[in-house]
Each structure stands twice: as C-alpha cells, then as structure tokens.
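# Fold and geometry: a report
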Amino acid sequence: MSPDTRHQTPDPVTGDWRLATGDKKNMNKNINVDELEQLMAEKPIDWRELIEKYLAYWKWIMASVIVVLVAGLVYYRVQPDQYQFKSTLLIADNSSGGQVSQMSILKQLDAFGMSTGSSNIYNEKQVVHSKELIKKVVNDLKLYNVYTKVSFLKPIELYTGSPLEVSMAYDDMLLIGKPLEFSVEYDSDGYYLISGKYKKGLKTTRFKSKVNQLPAAIETPAGKLQILLKNPKSVPEDKIYVKIHNPLSVVKAYQEYALSTEVPKDGDLVNITFREKNVQKGKDFLQRLIDLYNQDAIDQINKSANFTALFIDSRLDLLTDELTDVEQNLQKYKQTNKLTNIDADAEIYLQRSNLYDQKMNETEIQLQLIKYIEEFLKDPVNKYALIPNLGLTDVGLVAVIQEYNKLLVSRDRVASGSSGNNPTLQGLELQIQSSRMSIQNSIATSRKGLQISIRELENQNAFLTSQLKKIPQQEREFLEIKRQQEIKATLYMFLLQKREEASLSMAVTIPKARLLDAADTADKTAPKLPMTLAASLFLGLLLPIGFLYLKFTFTTTFNDRKEVESLTSVPIIAELAHQNSPDVVIDHGTNASANAELLRLLRSKLQFIMNRPKDRLLLVTSTESGEGKTFVSINLAVSISLTGKKVLLVGMDLRKPMLANHFGIVEQEGISSFLSGMETNYHKLIHQSTEFPNLHVLPGGIIPPNPNELILSERFDQLIAELREQYDYILIDSAPVGAVSDTFLINRVSNLTLYVCRANYSDKRNLEFLERVYKENSLKQIYLIVNDVDIESKKYGGKYAYGYGYGYGKKKRK
C-alpha cells in the first residue's frame, strides 16, 4: 500500500471517504448539508434566468392562452345578460302637521299631535323588502313564468315579448320543487312540438307532446298546462324555452338575492337595488313594488279611519237613545208641572248657576270620554286596535295614547311582512304592553282629578241651591233635567263632527312614498367582455405557469448548467449535448457533431490545466450509474488520441466492466487478472484500437470478488507508475462514487478528477453529495462535466443544425 492510501479512511458514520491525516485545515472542511442549503438560499433570484426558464415552454403557454380565451369567449356568449336597476324613495314625514297620518285613527286630531311620516325609517325598509309585498308583485306580473330563446348561443329572456303564454293552476305551482322546463317549437309540418322534463327528488321525468294548434292543454308530471298564442294569426319563428317556477321560490330568490334595500345615514330615504335579466322586467318590478307599497300605506290609513267611523257610529246610537229619553223626560216634566218660563227673581242665581253648569258639563264629558276609553281597552277584541281621541284635555293622557297608537301601527306594518319570530315584532309587543299599562295608570290619575273637580263644582252649586230654595221646586227640577239634556246634546254634536273628519280622511289620501329617482336606465353588470377576457388571459397564463411551477418544484433533477451552478460550488469544465445515435463512440471526424466540438473544447482545457507530462492521469467518475461517465471516458480518450498523443483508457469499474463491450473486445481478461496475479504480463491485456491507432484500451476483465483489495494492492500502484512512462494520457473509467468506495481508493494515483452528472437524470441530491466530497478534498482537483444538456434551447444562444443525444441507459423519470 502506498503512503497516499493511508491518508484516506471511510467515515464510521456516513461511510464517506475523507483524509484521515495530514493538514488539519483539510480535515475541518467537512460541510453540513443544511449550511449548504442555507448558503444556496441566500443567493438572489435571477429573474432573467427564471423568465427564460418558463419561456422555454412558450408554445404550451401560448396554446393555453388561446384555448382559454376561446373558452372565455364561448362562456361570455352563452351567459345571459344581467342588469342592475336603482331607485330612491322618499318616505313622507308630515309630523309637523297638515297631512293626516296612517297611524292615526282620526286623521286631524291636533290634540293628539299624531305624525304622518315614518316613525322608524328602518321599519319602512322592512316593509319594502317584505315577502308579502314581493309576493304580490310576482303574482301580479306572473314572474314565475320565464320565457327565453337562444340567438347565436346567447340566451335571451323574452318577458312580455314572448309569442306564447302558459298558465297552470296556482295550487299546482305551489307544489313544484325544481322548475318545470319545456320547449315549444313550430315545425315545417305545421305542428307544435312540446318536449320537456321535470325533476322531483332524484327522479327526472321527461315528457313530449305534439299538437296541431294552440291553445292546447298539456298533461305534465307537475300538472295540467295551458299553452296559447298571444297573436293567433302568427306562429313563433324561434324555439321558445319555458320555465315554470314555484312562486314562493321566486319570491325567496328575489328577496334574498335580486332585491336589496338600504337606508342612508341622513334623511328619510330608502335606496332600492334590483338585478334582473330583462330590462323591461326590472323596470316593471320596481314600479309595481312602489305602487303596491303606496297602496298598502293607503289601505292602512283607510282601515284606521273606517275603524274610527264604526266606533263613533256605535257611540252615536247609544247617545241618540239617551238624548231621546232626556228630552222626553223634559217634555213630560213641563207638561206635568205646566211650566212655561222662569221667575225673574232667579236671574242672578241662574246666571251663576249656568256658569257652574257649563264647567260641570265639560268635566262630566271628560269623565265620560275616559270611561269610553277604559271600556275600549278592557274589550279583548280591541287588543291591537287604535285608541280614538275624542277631545281629551289631559295632556299627559293624550301623549301616552299617541305613543301607544304609534306602536300599534308600527307593529301592524312589521307583522304584515314577517313571522312571529321577528325580533323587531317581539320588541314592539313588549313596548305595546308597557304602553297599555301606562294608559291605564294615566286614566286612573285623570279620573281622580276629574272627580275632585266635580266635587268642588258640586259644593259651589250646593251653595247656589241653598240660595235658590226660594225658587219653586218645579223650576229647580226643570233645570236639572235640562242640564242632562244639554250634556247629551253637546256630546252628540261632538261625535258627529269626528265622524265627518274620519269620512274626509278616507276620501283624501296621499301616497306614503315619493319616487325621487326612477329606474329609467339599467346598468349591465354581467357578463362583461373586458373582465371575461382579462380573467381568461390570467387563467390561460396561470394554468401552464402553475403546472410548470409544480413541475419544477417537484422535479428532483436539473436541466441546465445554471441550475447546477446554483447547487454546487464545484467548477464546471464542460457541457455535453444529447446524442440521438445509439453508438457510444461519436463521429469525431465531422464538424456537424456538437459533442465532437465540445469534446475538443474540453480537451483544450485539460491540456492547459495538466501541463506536466507525467501528471496526466484523469479519473472519470459519477455519483450513480447511467450518468455518462463511460461515454465521457471513451470519447474524451478518442478526442485526445486524435491530437497524436498516446492515450490509455483503463476500465476500473471492476464491478460492472463495460469497455470491452463498447470496443468489441472478445477476451475476458483485463486489469483484474493482472491485479489478482492471474496474469503477470499486463501488455497482453492492453488492446489497440483499430480505428484510432493512438488509443489503447485496458478493460476491467473478469468481475473479482474483492475489488477493494485489488485496488489497494501494490501491483496497482506499480502498474500505474509504469503506464505513466509509456503513455501521454491515462484515463480511468472508475465506478460511481455514490455506490461503492472504489473511486476513493483510486484517487491516490490520479492527478485530476472529472465528475460527470447528467441533465434531466441525475438527482439534485447527487450534487449535494458531490459538494461534500469537494469540501472534504476526498477526490483530487475535481471538475464537473454536465452531460446530456439541451444546447438547442434559447438559454444556450441558438440552434445547432444537427441532432444530439446518446443512447445508453434508460432516462429516469422526473
């Protein structure tokens, strides 16, 4: 064993060969793989290289863009147009007086001060967006029937422009789950072809029918269907597609998706936005929605006024009977007592008595009105009825009743468009209950005050009565009866006036909502051609680039020199192209071969590096089999021999010898026979190439059972020493270093190492392994050869006019 051999020992943990003795600096050059990856990650991104890397696939990217753009245009064409309509409503607010309120029972009761405007603009927003209001619009305009035709792939909704009209029993439509779809087409034979389908659950039922005239009744899985022509004198030119939806599902879709309402921060405004596929249909929907909203508000006003009139009529009937009885009593008393006039002596007392009587009448009227209201509240029928104000003078009670009436009207408006679980409705219920208790407390307080006033008036009247004792008893009794008659008559006239006011309020009504901005124009929201093209262009670029990114990310191999340089610091001495010919030995005599020229360039570099005559032993190796080390060894040896140098190619891949097969050597003996002692004359083992006279080949020979021991033997060192004297260049085709340690043992006799890696074949981890070998100085003067690169790509500056590649080994999957 030579002294150099003792400087290399395998690592006990990794099995890697490194220097065991010598310079400590070399011993400390072991590099950690994580540190290497961190060093590589700190390198700045080469954007030009990155762009060129993707542009190498520009044909696929362009094809993807074209295909996706065409698909985008088709998508744009087949999508129906979507339009957006906007309108603004001003909710009337007449709380300052003048116009009557829909919340009022009697519309011009200034004593109540009941406002006419929106007490809560958000409640009005809920009414506009309510399901009941939308349901009325859908049923009035028959929006559950959708008519379309197709023009150059474009679906167009016809709405009122449809030549056909279909109808179905409303109860049958309410049972529809999925829409009932069918088409009507007039054929050349004069028949109407009707075909469609109906899906119920998981079952789809198809139906067909053929009629010679319309109108016609068609039996479908969803029910009986009536089809008629709007103009019996003409037939439809296009095929008409019809969809019949469940009206409730249409209402739900409009409420949740198509219609939206919002209230600005300031002002009694409601902004309405609606989306529809037909322009006229959208305008009609919004106009009908506003009309029905106003009509609903007017109905509420008339309902309140009508209820008030009925309540007053019932009270007038009672007062008529009471007033008739009092007047009859007065007439009877006069007739019985024969009274005609009053004594002049009682004029002074009578004047004062009249003043007190007037105050007594007013107080008793107020007390009677409080009684009416109390009876009204106790009646269960009037639980949600508005309390009429018949002229109460108690300001506190009037304010409480006004607030109570406002809450009732708000509750009716919200309840008409929502369910009992609505949080707003539940909150109003609690407020109404609390306000009702407040009214009862105010009534009790007001009654006590009126009763105290009556007692005071009675005391004063008692004083006058004592003064009138001198007046005949008949006259005094007459005055008491007359006073009762006056009270009844005054109350009767008051109620007649209020009934006329209620009738007037029903005759004169003003819409609650005022249209500020009508939906005269429609904005097309979808599909938009620029947006579709931009999205298609983006998707067309994203798909291939994303695929390439994933491809590059999950590819474990490299494909060019720059990528190798980013993975290792080992200097690259040459690149070799792919060769299509299956022959290992390329044609070195032509200028049309890329590899021939590249090998000449490699040969020139080696002659410059290896300038000492006796130190020209090259060790050619790789990490694994199939990377092209034998291809490089053979063709480099041929290229050097063509310069007139005497070259020896030694096959030291003793575990898998290949040189004999490539050169057509039949004999099985080789260098293994000499190292094992089976052959003492190594000259017999060396074969001269017939095609290249300056090239000699020493094949590996028979596969030995102990390659390591043969390489470590003294015979190997002596053989190399003698061969150095006989040949100008010696090339050793060794075993892959990633598999066995033979190459590290041969390193002691080499002067330079050519490490071969193969593009699109070698794993990137092989370069990490090479980096460790390089940092540890396990192989002498390492230079890297990148084999099988695509030199025709733009990254290499142009195209060669010939094929390239080589035919050994199978290409590894990425």
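Residues numbered from 1 in each chain as written. Predicted model: local features only at pLDDT ≥ 70, side-chain atom pairs only at ≥ 80, totals over all residues. Heavy atoms only, no water.

### Comments concerning the overall build of the protein chain
Under the convention used in this document: We count a stretch as a helix when DSSP gives it H or I for four or more residues in a row; a strand needs E for two or more, and each element gets its number in order from the N terminus. Each residue gets one of three labels from its accessible area relative to the maximum for its type: buried under 20%, exposed over 50%, partly exposed in between, using a 1.4 Å probe on protein chains only. Using a 1.4 Å probe, the Shrake-Rupley method yields the accessible areas, and only the shown protein chains count as cover for residues.
Along its length, the protein chain carries 23 helices and 26 strands. The buried share of the protein chain, reckoned over its 814 residues, is 45%. Accessible surface, the protein chain as shown: approximately 42500 Å² in total, 53% of it carbon and sulfur.

### Description of the pattern of salt bridges
Put simply, the test is: By salt bridge we mean one thing: a side-chain nitrogen of Lys or Arg within 4 Å of a carboxyl oxygen of Asp or Glu.
Scanning all chains against the criterion turns up 24 salt bridges. The salt bridge partner of K378 is E374, with a shortest N-O separation of 3.9 Å. On the criterion of helical spacing, the pair formed by K378 and E374 is a turn pair, its members being four residues apart in helix α10 (residues 347-378). A residue is classified by how much of its surface remains accessible, and K378, at 62% relative accessible area, is exposed. A cluster of three or more residues bridged by salt bridges with shared partners is formed by D81, K154 and K524.

### A closer look at the sheet that holds strand β9 (residues 203-211)
Here is the rule we go by: Note: two strands are recorded as paired if DSSP finds a minimum of 2 bridges between them. Only C-alpha atoms enter the line fits that serve as axes; for helices the fit covers just the stretch in contact. Angles between N-to-C directions range over 0 to 180 degrees.
Read from one edge of the open sheet, six strands run β5-β4-β12-β7-β8-β9, paired in antiparallel fashion. Of all strands in the sheet, those bounded by a partner on one side alone are β5 (154-157) and β9. When the angles between neighbouring strand axes are averaged without regard to direction, this sheet yields 20 degrees. When strand β8 (residues 192-200) meets β9, the two strands line up antiparallel, connected through nine bridges.

### Section: the sheet that holds strand β6 (residues 164-168)
What the three strands build is an open sheet, ordered β6-β11-β10; its pairing is antiparallel. The open sheet has two edge strands, β6 and β10 (216-220), and neither has a second partner. Averaged over all pairs of adjacent strands, the angle between strand axes in this sheet comes to 25 degrees, irrespective of strand direction. Sheet topology note: the β6/strand β11 (residues 223-229) ladder contains five bridges and is antiparallel. Bridge pairing in β11 places M168 opposite L225.

### A few points about the packing of helix α16 (residues 594-609) against helix α17 (residues 629-641)
Going by this rule: Throughout this description, any angle smaller than 35 degrees is read as roughly parallel, any larger than 145 degrees as roughly antiparallel, any in the 65 to 115 degree range as roughly perpendicular, and the remainder as oblique. Whether two residues are in contact is decided by their heavy atoms, any of which lying within 4.5 Å being enough.
Across the interface, α16 lies against α17 with an axial gap of 9 Å and an inter-helix angle of 75 degrees. The angle between α16 and α17 places the two elements in the roughly perpendicular class. Taking contact as the criterion, the partners of N595, L599, R600, L602, R603 and L606 in α16 are, on α17, F631, N635, L636, S639 and I640.

### Considerations on helix α4 (residues 58-78)
Convention followed: A helix is expected to span 1.5 Å for every residue after the first. The directions considered for the arc are those from the helix axis to the C-beta atoms.
For α4, built from 21 residues, the straight-helix expectation of 30 Å at 1.5 Å per residue is met to within 8% by its first-to-last C-alpha distance of 30 Å. Buried within α4 we find I61, S64, V65, V68 and G72. The buried residues of α4 all sit within an arc of 100 degrees when viewed along its axis, so they share a single face. Exposed and facing more than 90 degrees away from the buried side of α4 are K59 and V67. Considering only its buried residues, α4 is in contact with α3 (47-55) and α14 (529-554).

### Remarks on the packing of α4 against α14
We count it as follows: Handedness of a helix crossing follows the sense of rotation of the near helix relative to the far helix, less than a right angle counterclockwise being left-handed and clockwise being right-handed. Put simply, Ala, Val, Leu, Ile, Met, Phe, Trp, Tyr, Cys and Pro go in the nonpolar bin, Asp, Glu, Lys and Arg in the charged bin, and everything else, Gly too, in the polar bin.
Two numbers describe how α4 lies on α14: the axes approach to 8 Å, and their chain directions differ by 145 degrees. Both α4 and α14 take part in a crossing whose hand is right-handed. On the side of α4, the interface is formed by I61, S64, V65, V68, L69, G72, L73, Y75 and Y76, while α14 contributes L529, T532, L533, S536, L537, L539, G540, L541, L543, P544, I545 and L548. Here the contact of α4 with α14 is built from residues that sort into 16 nonpolar, five polar and no charged.

### Remarks on a positive patch on the surface
Defined as follows: Residues enter patches when they are more than 30% accessible in relative terms and free of salt bridges; like-charged ones are connected within 9 Å and nonpolar ones (Val, Leu, Ile, Met, Phe, Trp, Tyr) within 5 Å. Residues scored as positive are Lys and Arg, those scored as negative are Asp and Glu, and His as well as the terminal groups of each chain are ignored. Taken as the charge location is NZ of Lys, CZ of Arg, CG of Asp or CD of Glu.
A contiguous patch of positive charge, built from K178, K197, K199, R206, K243 and K277, is present on the exposed surface. Position of R206 among the secondary structure elements: in strand β9. Residue R206 is classed as exposed on the basis of its relative accessible area of 64%.

### Thoughts on unusual backbone geometry
Following L214, the chain continues into P215 via a peptide bond in cis, with omega recorded as 10 degrees. Take P215: it is sitting in the loop between β9 and β10. Positive phi, normally seen in glycine, also occurs at L153, with a value near 75 degrees. Using a relative accessible area of 52% as the deciding quantity, one classes L153 as exposed. Notably, N777 is not glycine yet its phi reads approximately 60 degrees, a positive angle. Within the fold, N777 resides in the loop between α23 (764-776) and β25 (782-789). Residue N777 is classed as partly exposed on the basis of its relative accessible area of 29%.

### Re the nonpolar core
Note the following rule: What we call a nonpolar core is a set of buried Ala, Val, Leu, Ile, Met, Phe, Trp, Tyr and Cys residues that are connected through their side-chain atoms within 4.5 Å.
In terms of nonpolar packing, the biggest core is built from 81 residues, with M652 and L754 touching the most fellow members. Broken down by element, the residue count for this core peaks at seven residues, all from α17. In contact with M652, other than residues within four places in its own chain, are I671, L675, I711, F716, I732, D733, S734, A735 and I746. By size, the runner-up hydrophobic cluster in this structure holds 56 residues, among which are L133, L229, I240 and I272.

### Here's the deal with the side chain of T743
Which entries qualify depends on this criterion: Residues adjacent in sequence count toward polar contacts only when both atoms are side-chain atoms; beyond that, a polar contact is any pair of N or O atoms within 3.5 Å, and within protein one must be able to donate a hydrogen and the other to accept it.
Turning to its location among the elements, T743 is positioned in helix α22 (residues 742-746). Judged by relative accessible area, T743 falls into the buried class, the value being 0%. A polar side-chain atom of T743 sits 2.5 Å from the main-chain carbonyl oxygen of A735. Those residues in contact with T743, other than ones at most four positions away along the chain, are L619, T621, S734, A735, V737 and L779.

### Details of the packing of aromatic side chains
Note the following rule: A pair of Phe, Tyr and Trp rings is counted when the ring centres sit within 6.5 Å of each other, with Trp represented by its six-membered ring. The angle between the planes then sorts it: under 30 degrees is stacked, over 60 is edge-to-face, the rest tilted.
Tallying each qualifying case throughout the model produces eight aromatic pairs. With 5.3 Å between their ring centres and 70 degrees between their planes, Y54 and F552 make a pair best called edge-to-face. Of the two residues, Y54 sits in helix α3 while F552 sits in helix α14, which places them 498 residues apart along the sequence. Overall, Y54 belongs to the buried group, its relative accessible area being 15%. The interplanar angle of 55 degrees and the centroid separation of 4.9 Å between the aromatic rings of Y186 and Y192 together place this pair among those described as tilted.

### Brief notes about the confidence of the model for the protein chain
Threshold: For every residue, the predictor states its confidence as a pLDDT score lying anywhere from 0 to 100.
Counting all residues, the mean pLDDT for the protein chain is 81, and 85% of those residues have values of 70 or more. Every residue in residues 1-33 is under pLDDT 50, and counting partners more than four places away or in other chains gives 61 contacts. Contacts for the low-pLDDT stretch residues 797-814, under 50 throughout, to residues beyond four places or in other chains number 55 contacts.

### Concerning the pairing of β10
Taking every second residue as pointing to the same face, the buried face of β10 carries A216, I218 and T220, while none of A217 and E219 on the other face is buried. With five bridges connecting them, β10 and β11 associate as antiparallel partners. Across the sheet, E219 pairs through a bridge with K224, a residue of β11. The antiparallel hairpin formed by β10 and β11 contains two residues in its connecting segment.

### Digging into the environment of Q280
Summarising the element assignment, Q280 is placed in helix α9 (residues 279-337). We classify Q280 as partly exposed; its relative accessible area is 39%. Residues Q280 and Y159, spaced 121 residues apart in sequence, show a C-alpha to C-alpha distance of 7.9 Å. In terms of polar contacts, Q280 uses its side chain to reach the side chain of D284, at 2.8 Å.

### Description of the side chain of S435
Checked against the element boundaries, S435 lands in helix α12 (residues 423-467). Leaving out residues up to four positions away in the same chain, S435 has contacts with V400, E403, Y404 and L407.

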